[in-house]
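Examining the three-dimensional arrangement
Below are the chains, spelled out letter by letter.
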Amino acid sequence: MRPPQWLVTQMPTGMLDDDFFVRFLSIFQHGADSLAEGADNLEHLGDVTVAPDAMVRWLAGWIGLDGLDPSLPGRAARTVVRASAQTLAWRGTRHGLTRTLEVLSGGPAEVVDGGGVWLEGEAPPDPAWVRMTVSATGWLSEPDFAAVVADEVPAHVRAQLWVGDRMIWTSDGGGHGPGSH
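A quick note: this is a predicted structure, and the numbers were derived from the prediction, not measured.

Now for the pairing of strand β4 (residues 166-170). By the bridge criterion, four bridges tie strand β3 (residues 158-163) to β4 in an arrangement that is antiparallel. Of the residues in β4, the one forming a bridge with Leu161 is Trp169. Counted between consecutive antiparallel strands, the loop separating β3 from β4 contains two residues, among which Gly164 sits at a positive phi close to 65°.

For the rest of this paragraph, the subject is the side chain of Gln29. For Gln29, the location among the structural elements is in helix α2 (residues 19-40). Looking at Gln29, its side chain comes within polar contact range of the main-chain nitrogen of Val8, at 3.3 Å. In this view, Gln29 contacts Pro4, Gln5, Trp6, Leu7 and Val8; residues no more than four positions away in its chain are not counted.

On to the packing of helix α5 (residues 94-105) against helix α6 (residues 142-152), then. Look at α5 against α6: their axes get within 10 Å of each other, and the N-to-C directions meet at 160°. Relative to α6, the element α5 lies roughly antiparallel. For the pair α5 and α6, the sense of crossing is right-handed. Every residue of α6 that contacts α5 at Leu97, Thr100, Leu101, Leu104 and Ser105 is listed here: Phe145, Val148, Val149 and Glu152. Across the contact of α5 with α6, the residue classes break down as six nonpolar, two polar and one charged.

The geometry of two aromatic rings is summed up by the distance between their centres and the angle between their planes. Taken as a whole and judged by the stated rule, the model has three aromatic pairs. For the pair Phe24 and Phe28, a centre-to-centre distance of 5.2 Å together with 75° between the ring planes defines the contact as edge-to-face. In this pair, Phe24 and Phe28 both sit in helix α2, four residues apart, roughly one turn of the helix. By relative accessible area, Phe24 is classed as partly exposed at 39%. For Phe28, a relative accessible area of 47% gives the class partly exposed. Summarising the aromatic geometry, the rings of Trp58 and Trp62 are spaced 6.2 Å apart at their centres and angled 20° between planes, so their arrangement reads as stacked. Of this pair, Trp58 and Trp62 both sit in helix α3 (residues 53-62), four residues apart, which is roughly one turn of the helix. By the ring-pair criterion, three or more aromatic residues cluster together here, those being Phe20, Phe24 and Phe28. Against the face of Trp6 rests Arg2, its NZ or CZ located 5.8 Å from the ring centre. In this structure, Arg131 packs its charged tip against the face of Trp162, placed 4.1 Å from the ring centre.

So, how was this worked out
Residues numbered from 1 in each chain as written. Predicted model: local features only at pLDDT ≥ 70, side-chain atom pairs only at ≥ 80, totals over all residues. Heavy atoms only, no water. Pairing = 2+ DSSP bridges. Helix = DSSP H or I, 4+ residues; strand = E, 2+ residues; numbered from the N terminus. Polar contact = N/O pair within 3.5 Å; in protein donor to acceptor, adjacent residues only side chain to side chain. Contact = heavy atoms within 4.5 Å. Axes fitted to C-alpha atoms, helices over the stretch in contact; angles between N-to-C directions. Parallel < 35°, antiparallel > 145°, perpendicular 65-115°, else oblique. Left-handed = near helix turned anticlockwise from the far one by under 90°. Nonpolar A, V, L, I, M, F, W, Y, C, P; charged D, E, K, R; others polar. Phe/Tyr/Trp six-rings, centres within 6.5 Å; stacked < 30°, edge-to-face > 60°. Buried < 20%, exposed > 50% of the residue type's maximum accessible area, 1.4 Å probe, protein only. Lys NZ or Arg CZ within 6 Å of the ring centre and 35° of its normal.

Structure follows, in structure tokens:
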């Protein structure tokens, strides 16, 4: 914490005896206080738990989370951005998809895919598919949930997203795309 007159008290003692000079310098201190407070908060701008809402939404785009609905409440947006940042290194993998689904839905998630490692000539004919299942979409609407998940699935992979026994999104363009419900 800075003392209330931090700028004024840095002046030589002889200048502090002049009342006009102290009042004049106080005008500049008021402006400098705003700048100093902004500088003090720089280290926190990248922390989604305390950053301003506008910064959290900017960070979402910075890490490639373009499906974040602008009307999403601040707390929910913070959770989505934090989970996406934590799983960024795992993006597009079964582990990354599972973790993202669990954080967004608030419950367990099942991810089954055709990926793997095979000896030469032993790979299945169609390994690029994934089926993701959750019991609920948490605080997100189904279209918003599907949009966020769609951003996490690799582009070449055929994907299905199920909530319970209902498919709410598929990547094949079969009418269940994000925003169609």
